[in-house]
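Notes for the structure review
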Amino acid sequence: MDVRSTEPELRALMIAGLNGDASAHKALLETLSSQLRAYFKAQLGRFSRGPVEAEDLVQEALIAIHTRRHTYDPSQLFTPWVYGIARYKFVDYLRRTKASINDLPIENAEEVTAQDDRTHVESSLDLEKLMAGLSPKVRQAIQCVKLDGLSVSEAAARCGMSESNVKVSVHRGLKALALQITKERADHED
Amino acid sequence: MKTDQLIDMLSTNVEPVKSGQVWKPLVWALAIGGAASFCVMLATVGLRTDAAGGIHVGFLTLKLLFMLSVIGTGTALLMKLIRPGHEAQKLFRFLFLPFLVAGFVGVVTLALQPSSTWDRMILGTEWVTCLFCIPLFAIVPFALLIWALRKGAPTNLERTGAIAGLVAGALGATAYAFHCSDDSLAFVAIWYGAMVVLCAWIGARLGPRLLRW
């Protein structure tokens with residue numbers, strides 16, 4: 001797939017998402033998830049690891065892309081930013097699993113934007129288990145805003161919290177989830 | 001968990017992202033870290049007591065110039081390293097410039113003086129104090145820089161840690177310069193340079209552990 005044709009679209013979606021456009025953000029994550037899946041599968045293929053690990057990495061990268069999206073500079077190209085995150089997560093995975101990275105070649109950015117549409121594989125992540133590790137307040141905020149799709153003001157009314165409190169809780173919750181995932185993987189693989 | 005489920009979750013009620021979340025913490029870390037180093041210097045060794053203006057101010061300026069150029073380049077590098085997709089190779093080379101210039105000037109000043117005075121020029125009166133103070137003064141800035149960098153997404157943890165150590169070391173040395181009574185460029189090149197490089201080395205060792213995300 002030609003990178004140049006996707007770069008402007010992805011970048012436009014990313015910038016819209018940064019401005020709070022949820023549907024653009026969703027479209028971005030959907031496009032990226034298939035590209036990331038192809039990338040991780042190709043990388044993992046060299047270490048004979050399966051599709052579940054690839055799906056784990058896809059999800060970990062998506063969470064990273066979401067929680068670290070403030071580090072994208074809109075004046076720069078988008079593809080190198082995504083590629084930087086994907087590669088970081090992959091190298092981190094290799095370190096955790098103590099696979100050798102000596103024979104990991106430097107890939108081209110193009111590989112990140114390859115396509116793979118198989119989405120039926122489930123990752124080993126258990127959302128309910130992960131959610132159980134959050135504090136009650138944060139869990140409730142995530143449940144209302146992120147899973148039940150309530151607006152912030154509706155969630156605030158239901159949970160009896162202030163709106164800014166809900167926003168902060170959701171933000172913290174996602175970061176905590178990302179952290180927990182990394183930790184759980186490390187425990188699991190050690 | 002299915003990836004679609006995760007995407008739904010992440011893209012429900014997306015909040016707009018405020019700009020400046022990357023560089024603001026870094027600037028705060030530098031400002032507070034610098035002030036903290038200075039306070040630690042005041043509380044431990046104190047300001048230079050024999051300063052009589054003139055030549056002393058000249059040497060203080062040179063020491064500050066050396067350290068501020070390291071802090072400036074290092075901070076510019078951190079601003080790049082904290083975002084994925086930037087390797088900043090070009091800027092990285094500039095980092096060596098202040099050290100090379102200081103080393104060169106140090107050698108020239110030695111060459112201009114008889115070798116019998118070299119001991120005094122190199123060791124000065126307080127090289128041991130310098131050895132301990134610069135890393136000590138660098139601790140608070142280093143911790144603050146790590147805190148700021150963790151808010152970003154550095155992908156080269158070793159290098160980012162090294163530059164954080166370097167900048168923290170240079171902030172420590174800047175604070176120490178207000179105490180330092182050794183007015184010799186060879187002294188500054190060797191001891192300031194070595195201590196800042198040591199801090200960078202420690203930072204590189206700690207980076208992968210402290211900055212992982």
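Residues numbered from 1 in each chain as written. Chains lettered and ligands numbered in written order. Predicted model: local features only at pLDDT ≥ 70, side-chain atom pairs only at ≥ 80, totals over all residues.

1. Re the overall build of chain A
Defined as follows: Note on conventions: DSSP H or I runs of at least 4 residues are helices, E runs of at least 2 residues are strands, and numbering of each starts at the N terminus. Here a residue counts as buried when 20 or more other C-beta atoms fall within 10 Å of its C-beta, as exposed when 12 or fewer do, and as partly exposed in between; the C-beta atoms come from the backbone. What counts as a contact is two residues whose backbone-derived C-beta atoms lie within 7 Å of each other.
Scanning chain A for helices and strands turns up eight helices and zero strands. Scanning chain A from its N terminus toward the C terminus, one meets helices and strands in the order α-α-α-α-α-α-α-α. Counting all 190 residues of chain A, 37% fall into the buried class. Within chain A, residue pairs in contact and separated by at least 24 positions form 68% of the contacts whose partners lie at least 6 positions apart.

2. What about the overall build of chain B?
Along chain B, the regular secondary structure elements total nine helices and zero strands. Starting at the N terminus, the α and β elements of chain B follow one another as α-α-α-α-α-α-α-α-α. The principal-axis extents of the C-alpha atoms in chain B amount to approximately 75 × 35 × 25 Å. Per-residue burial over chain B gives 45% buried out of 213 residues. Restricting the contact set of chain B to residue pairs at least 6 apart, pairs at least 24 apart contribute 88%.

3. Some thoughts on the packing of helix H8 (residues 157-177) of chain B against helix H9 (residues 185-210) of chain B
All names here are of chain B. Short version of the rule: Note on method: axes are straight lines fitted to C-alpha atoms, helices fitted across the in-contact stretch only, with angles between N-to-C directions ranging 0 to 180 degrees. Take the far helix as the reference: if the near one is turned anticlockwise from it by less than a right angle, the crossing is left-handed, and if turned clockwise, right-handed. Note on residue classes: Ala, Val, Leu, Ile, Met, Phe, Trp, Tyr, Cys and Pro are nonpolar, Asp, Glu, Lys and Arg are charged, and everything else, Gly too, is polar.
Interhelical geometry of H8 versus H9 gives an angle of 140° and a closest axis separation of 6 Å. Two packed elements cross with a definite hand, and for H8 against H9 that hand is right-handed. Side by side, H8 and H9 meet where Leu-157, Glu-158, Thr-160, Gly-161, Ala-162, Ala-164, Gly-165, Leu-166, Ala-168, Gly-169, Ala-170 and Ala-173 of the first sit next to Tyr-192, Met-195, Val-196, Cys-199, Ala-200, Ile-202, Gly-203, Ala-204, Leu-206, Gly-207, Pro-208 and Leu-210 of the second. Its residues placed into classes, the contact of H8 with H9 shows 17 nonpolar, six polar and one charged.

4. As for the nonpolar core
Across soluble globular proteins, nonpolar side chains show a tendency to be buried alongside one another. Put simply, the test is: Any set of buried Ala, Val, Leu, Ile, Met, Phe, Trp, Tyr and Cys residues joined through C-beta atoms within 7 Å is what this text calls a nonpolar core. As annotated, the domain borders come from an automatic or database domain assignment.
If you look at the biggest cluster of nonpolar residues, it comprises 103 residues, and the most contacted ones within it are Leu-62 of chain A together with Leu-145, Val-167 and Tyr-176 of chain B. Among the elements that line this core, the one with the most residues is H8 of chain B, at 13 residues. Summarising the domain contributions, this core has at least three residues from each of domain 1 (1-124) and domain 2 (125-190) of chain A.

5. Some points on the interface of chain A and chain B
Taken together, the contacts link 39 residues of chain A with 24 residues of chain B. The set of elements that each furnish at least two residues to the side of chain A that touches chain B consists of helix H1 (3-18), helix H2 (22-45), helix H3 (51-67), helix H4 (79-97) and helix H6 (136-147) of chain A. The class makeup of the residues in the side of chain A that touches chain B is 15 nonpolar, 14 polar and ten charged.

6. Structural notes on the environment of Phe-47 of chain A
Residue and element names in this part refer to chain A. With respect to the helices and strands, Phe-47 occurs in the loop between H2 and H3. Assessed through the 15 C-beta atoms surrounding it within 10 Å, Phe-47 is described here as partly exposed. As for Phe-47 and Leu-94, which are separated by 47 residues in sequence, their C-alpha atoms are 9.6 Å apart.

7. Thoughts on H9 of chain B
Stated precisely, the cut-off is as follows: One less than the residue count of a helix, multiplied by 1.5 Å, gives the span that helix is expected to have. Bend angle per residue: angle between axes fitted to the 7 residues ending at that residue and the 7 residues starting there.
With 26 residues, H9 of chain B extends 35 Å from end C-alpha to end C-alpha; this agrees with the ideal 38 Å at 1.5 Å per step. Taken as a whole, H9 of chain B carries its principal kink of about 30° at Ala-204 of chain B; the proline Pro-208 of chain B stands between one and four residues after it.

8. Observations concerning the environment of Leu-130 of chain A
Examined against the element boundaries, Leu-130 of chain A turns out to sit in helix H5 (residues 127-132). The partly exposed category is assigned to Leu-130 of chain A, around which 18 C-beta atoms lie within 10 Å.

9. Structural notes on the packing of H3 of chain A against H4 of chain A
Residues and elements named next belong to chain A. Inclusion rule: For this classification, under 35 degrees means roughly parallel, over 145 means roughly antiparallel, 65 to 115 means roughly perpendicular, and everything else is oblique.
Closest axis-to-axis distance for the H3/H4 pair is 10 Å, and the angle between their directions is 130°. One way to sum up the angle between H3 and H4 is to call them oblique. Classified by chirality, the crossing of H4 by H3 is right-handed. Along the contact surface, H3 presents Leu-57, Glu-60, Ala-61, Ala-64 and Ile-65, while H4 presents Val-82, Ile-85, Ala-86, Lys-89, Phe-90 and Tyr-93. Taken together, the residues of the contact of H3 with H4 sort by class into nine nonpolar, no polar and two charged.

10. What about helix H2 (residues 23-43) of chain B?
Since one α-helical turn is 3.6 residues long, residues separated by three or four positions face the same way. In a regular helix each residue adds 1.5 Å, so 21 residues correspond to 30 Å; H2 of chain B covers 30 Å between its end C-alpha atoms and thus fits that length. The elements touched by buried residues of H2 of chain B are helix H3 (55-81), helix H7 (127-150) and H8 of chain B.

11. Concerning the environment of Ile-71 of chain B
Residues and elements named next belong to chain B. Residue placement: Ile-71 occurs in helix H3. Between the alpha carbons of Ile-71 and Gly-169 there is a distance of 9.0 Å; along the sequence they are 98 residues apart. Setting aside its immediate chain neighbours within four residues, Ile-71 contacts Val-167, Ala-170 and Leu-171.

12. Things to note about the confidence of the model for chain B
All names here are of chain B. Just so we agree on the cut-off: For every residue, the predictor reports its confidence as pLDDT, a number between 0 and 100.
In this model, chain B carries a mean pLDDT of 90, and residues with pLDDT of at least 70 account for 99%. When pLDDT is averaged over each element of chain B, H8 comes out on top at 96 and helix H6 (residues 118-123) at the bottom at 82. Among the prediction metrics, the complex's ipTM stands at 0.85, with pTM recorded as 0.82.

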